[in-house]
Amino acid sequence: MQAAMIFYATLDNPSGKPRSLRSIRQLVIAALALYPAGCLLRLLGPDTFVVQLTGLLMVVAAIACAALLAGSQLNRVTAEPTAKLDEYDRSLRQRAMVGAYPVLAVLVVLAIMYLGLASQFGWWTPRSWDHWNAVFWGAFLTTSLLPTAALAWQVDPGELDAGEVA
């Protein structure tokens, strides 16, 4: 799972940009909700300019949310190479991975179940490059953000305020 994680450090914030837990949670929810909604709107909605533009704007907003998270101090804990983390950060990373793995496992099982049922009952399945491209990037976004999301709901708000996570 480490390979899918992304963290961008800047010279101003080598340990990540400090963000409140509330903003991190909002960004995670927005990214994980807007991307699939935008893709579904673009791929399955009416082929009108307004619908297609709305779907595209939703996807771009999801990517912007993910980009804001990629430079955050909490994302650093889940994405930075282990050698750059202290003992406390490594324990936080372990909590994040333990929290994210079951969610990912459930999502994969549900996706497989859906594809099986879809083939049986004629429901929608990805059939073109655009469909599979949207599924791939959605899976990438989800696997990239799940550890940060898990940690955002596990860490105590006082830890961020005290700067212990950074």
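This one's a predicted model, so the numbers in the text were calculated from it and none came from an experiment. (Residues numbered from 1 in each chain as written. Predicted model: local features only at pLDDT ≥ 70, side-chain atom pairs only at ≥ 80, totals over all residues. Heavy atoms only, no water.)

We now examine the nonpolar core. The biggest cluster of nonpolar side chains holds 23 residues, and the ones touching the most others in it are Ile24, Tyr35, Leu69, Leu74, Leu145 and Leu151. Listing elements by their share of this core, those giving two or more residues are α1 (21–44), α2 (49–70), α3 (73–79), α4 (87–121) and α5 (129–154). Looking at this core, the element that brings in the most residues is α1, giving 7 residues. The residues touching Leu69, leaving out its near neighbours within four places in the chain, are Ile24, Leu27, Val28, Asn75 and Leu145. (Core = buried A, V, L, I, M, F, W, Y, C linked by side-chain atoms within 4.5 Å. Buried < 20%, exposed > 50% of the residue type's maximum accessible area, 1.4 Å probe, protein only. Helix = DSSP H or I, 4+ residues; strand = E, 2+ residues; numbered from the N terminus. Contact = heavy atoms within 4.5 Å.)

Taken as a whole, this structure holds 1 salt bridge when the rule is applied. With its nearest N and O atoms 2.6 Å apart, the salt bridge here joins Arg76 to Asp89. Pair noted here: Arg76 is in helix α3 and Asp89 is in helix α4, with a separation of 13 residues, a long-range link. No difference in accessibility class separates Arg76 from Asp89, as the two residues are buried. (Salt bridge = Lys/Arg side-chain N within 4 Å of Asp/Glu carboxyl O.)

Since one α-helical turn is 3.6 residues long, residues separated by three or four positions face the same way. The terminal C-alpha atoms of α2 lie 31 Å apart, and with 22 residues this matches the ideal 32 Å at 1.5 Å per residue to within 8%. Those residues of α2 that fall on the buried side of the exposure criterion are Val51, Gln52, Gly55, Val59, Ala62, Cys65, Ala66, Leu69 and Ala70. With its buried residues spanning 150° around the axis, α2 presents them on a single face. Turned more than 90 degrees away from the buried face of α2 sit Phe49, Val50 and Leu57, all of them exposed. Its buried side turned inward, α2 meets α1, α3 and α5. (Expected span 1.5 Å × (residues − 1). Arc of directions from axis to C-beta.)

Now for the packing of α1 against α2. Between α1 and α2, whose axes approach to 7 Å, the crossing angle comes to 150°. Classed by the angle they form, the pair α1 and α2 counts as roughly antiparallel. In terms of crossing hand, the pair formed by α1 and α2 is left-handed. Taken together, the residues of the contact of α1 with α2 break down into 20 nonpolar, 4 polar and 1 charged. (Axes fitted to C-alpha atoms, helices over the stretch in contact; angles between N-to-C directions. Parallel < 35°, antiparallel > 145°, perpendicular 65-115°, else oblique. Left-handed = near helix turned anticlockwise from the far one by under 90°. Nonpolar A, V, L, I, M, F, W, Y, C, P; charged D, E, K, R; others polar.)

This next bit is on a nonpolar patch on the surface. Together, Phe49, Val50, Leu53, Leu56, Leu57 and Val60 give the surface a local cluster of nonpolar side chains, amounting to about 600 Å² of exposed area. Residue Leu56 is classed as partly exposed on the basis of its relative accessible area of 38%. (Patch = residues over 30% accessible without salt bridge, like charges linked within 9 Å, V, L, I, M, F, W, Y side chains within 5 Å. Areas by Shrake-Rupley, 256 points an atom, 1.4 Å probe, with all protein chains shown as cover.)

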